[in-house]
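Observations on the model geometry
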Amino acid sequence: MAMDYKKAGVDIEAGYKSVELMKKHVKETMRPEVLGGLGGFAGAFDLSAIKNMEEPVLLSGTDGCGTKVKLAMVMDKHDTIGIDAVAMCVNDVACSGGEPLFFLDYIACGKNYPEKIATIVKGVAEGCIQSECALIGGETAEHPGLMPEDDYDLAGFTVGVVDKKDIIDGSTICGGDVLVGIASSGVHSNGFSLVRKVFDITKESLETYYDELGTTLGDALLAPTRIYVKAMKNIKNAGVKVKGCSHITGGGFYENVPRMLPENAKAIIKKDSYPIPPIFGLIQKNGEIAEQMMYNTFNMGLGMVIALNKDDVETAMKAIEAAGDKCFIVGEIVDGEKGVELC
């Protein structure tokens, strides 16, 4: 028997087909700066607009969706996981005050099912539309023998730009500053290894309806990560300088809030200052998880925490709400040892 690539498990025709199917989704993300169509070896993006900046700085972020992809596989629902991959990257760029310009995705799969791959990319495109960044390239790699046929993993990266004077670095945070939290859409893309220990991750258990969630467990857990690019842009356009910003991801509050703080600034966050989505109560109860561990793993309902001068709070909150996000005053900065205290 003559050997060829298809018999070895890699289907080039399926690769062509998935590219054809995803083209329309990719097209919807285009910005005027994107040069050329799909099919070149590199994604090209015109940077002439940055000439208007005093000192343009490129920002980049890369991430995946962690083990959340396992839920997408069990539920056989693949149209939102791409939003998560984009969100995890563009939120980090927005966190530094930058505007994401373009995104590239990488999908590794055991077997290329073109419709499934195109559905994943549809979600990636949706995340790019929400963050106004262009999907200018990507890669689907078929890995027979390395991954089971139905498995895949998804990651990506984004490049953004910011004028040096607009970088959010936390250096000016001081006592008296106010902390505003922007609501999350649920668990986002962190803590799923713990979630998968708490719940039986089967189609049946994920399709179980919970009154307190108002939806099935699977839909509550798979809710895509909120993208905060528009909210952060709105604040900037309202003339407010964000002093510090934390994207609440893996490591929850205890790891992420201190990352925005200078020495001698302590963040105090009041746990009852905003509504905690019911999914977190369900996780805590079912897993018998200590409260400290919850705040050390999950976003607990806040996807971003920003530090503002108290005079800017009202303007900033209006700008966030105009972006379609909910926000709350959740605490303050006091003089003290760098760190975060939840009370």
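An account of the accompanying structure is given in this report. Please read all numbers here as calculations on a predicted model, not as lab measurements.

This next bit is on the pattern of salt bridges. Opposite charge on two side chains allows them to pair when their charged atoms are near. Summed over all chains, the structure comprises 20 salt bridges. A salt bridge links glutamate 99 to arginine 31; the nearest nitrogen and oxygen atoms lie 3.0 Å apart. Of this pair, glutamate 99 sits in strand S4 (residues 99–109) while arginine 31 sits in the loop between helix H1 (12–27) and strand S1 (34–35); the two residues are 68 residues apart in sequence, bridging distant segments of the chain. Of the residues examined, glutamate 99 reaches a relative accessible area of 25% and is grouped as partly exposed. For arginine 31, a relative accessible area of 15% corresponds to the buried category. In this structure, a network of salt bridges that share partners links the residues Arg31, Glu33, Glu99, Glu132 and Lys233.

Glancing now at the layout of surface pockets. In this structure, the second largest pocket encloses a volume near 470 Å³. Forming the walls of the second largest pocket are 27 residues, and the residues nearest its centre are Gly97, Gly98, Glu99, Val161 and Lys236. For the lining of the second largest pocket, the elements supplying multiple residues, two or more each, are S4, strand S6 (152–163) and helix H8 (229–237). Among the elements that take part in the lining of the second largest pocket, H8 stands out by supplying 6 residues, more than any other. Split into classes, the residues belonging to the lining of the second largest pocket amount to 15 nonpolar, 3 polar and 9 charged.

Read from one edge to the other, the open sheet built from 6 strands follows the order S10-S12-S7-S13-S11-S14, with strand pairing classed as mixed. Only two strands of the sheet have a single partner each, and these edge strands are strand S10 (244–247) and strand S14 (339–342). When strand polarity is set aside, the average angle formed by the axes of neighbouring strands in this sheet is 25°. Summarising the sheet, strand S11 (residues 265–269) and S14 pair through 4 bridges and their orientation is parallel. Residue pairing for S14: isoleucine 268 is matched across the bridge by glutamate 341. In the packing of helix H3 (residues 81–95) onto the sheet, contacts are made with S10 and strand S12 (302–308), and the angle to S10 comes to roughly 170°.

Before going further, it helps to spend a moment on empty space enclosed by the protein. All chains considered together, the criterion is met by 1 cavity of 30 Å³ or more. Estimates place the volume of the largest cavity at around 30 Å³. Residues belonging to the lining of the largest cavity are distributed by class as follows: 4 nonpolar, 1 polar and 5 charged.

The next thing to look at is helix H2 (residues 68–75). For an α-helix, 3.6 residues make a turn, and residues three or four places apart therefore share a direction. Burial runs high along H2: 6 of the 8 residues are buried. Turning to H2, its buried residues are Lys68, Val69, Leu71, Ala72, Met73 and Met75. Immediately beyond the C-terminal end of H2, within one or two residues, lies aspartate 76, with a positive phi of roughly 50°.

Two elements in contact, H1 and helix H4 (residues 114–130), have axes whose closest approach is 8 Å; the angle formed by their N-to-C orientations is 30°. Relative to H4, the element H1 is oriented roughly parallel. Where H1 crosses over H4, the handedness of that crossing is right-handed. Together, Ala14, Lys17, Ser18, Leu21, Met22, His25 and Val26 of H1 and Pro114, Glu115, Ile117, Ala118, Val121, Lys122 and Ala125 of H4 make up the contact between the two elements. Of the residues belonging to the contact of H1 with H4, the class tally is 9 nonpolar, 2 polar and 3 charged.

Turning our attention to the sheet that holds S6. The strand order S3-S6-S4-S5 describes an open sheet built from 4 strands, whose pairing is mixed. The sheet terminates laterally at strand S3 (56–64) and strand S5 (134–142), the two strands that pair on one side only. The average angle at which neighbouring strand axes cross in this sheet is 15°, direction not considered. In terms of strand pairing, S3 meets S6 through 9 bridges, oriented antiparallel.

Under the definition given, this model contains 4 aromatic pairs. Judged by centre distance (5.2 Å) and plane angle (45°), the ring pair of phenylalanine 45 and phenylalanine 102 falls under tilted. One end of the pair, phenylalanine 45, is in strand S2 (residues 44–45); the other, phenylalanine 102, is in strand S4, and 57 residues separate them in sequence. The buried category is assigned to phenylalanine 102, whose relative accessible area is 15%.

Bringing the side chain of arginine 31 into the picture now. Engagement of the side chain of arginine 31 in a polar contact is seen with the side chain of glutamate 33, the distance being 2.8 Å. In this view, arginine 31 contacts Phe45, Glu99, Pro100, Leu101, Glu132, Cys133 and Ala134; residues no more than four positions away in its chain are not counted.

What counts and what doesn't
Residues numbered from 1 in each chain as written. Predicted model: local features only at pLDDT ≥ 70, side-chain atom pairs only at ≥ 80, totals over all residues. Heavy atoms only, no water. Salt bridge = Lys/Arg side-chain N within 4 Å of Asp/Glu carboxyl O. Helix = DSSP H or I, 4+ residues; strand = E, 2+ residues; numbered from the N terminus. Buried < 20%, exposed > 50% of the residue type's maximum accessible area, 1.4 Å probe, protein only. 1 Å grid on protein atoms, 1.4 Å probe; cavity = no way out; pocket = protein on both sides within 12 Å on 5 of 7 lines; lining within 4 Å. Points joined across faces, edges and corners; volume = space filled by probe spheres on them. Nonpolar A, V, L, I, M, F, W, Y, C, P; charged D, E, K, R; others polar. Pairing = 2+ DSSP bridges. Axes fitted to C-alpha atoms, helices over the stretch in contact; angles between N-to-C directions. Contact = heavy atoms within 4.5 Å. Parallel < 35°, antiparallel > 145°, perpendicular 65-115°, else oblique. Left-handed = near helix turned anticlockwise from the far one by under 90°. Phe/Tyr/Trp six-rings, centres within 6.5 Å; stacked < 30°, edge-to-face > 60°. Polar contact = N/O pair within 3.5 Å; in protein donor to acceptor, adjacent residues only side chain to side chain.

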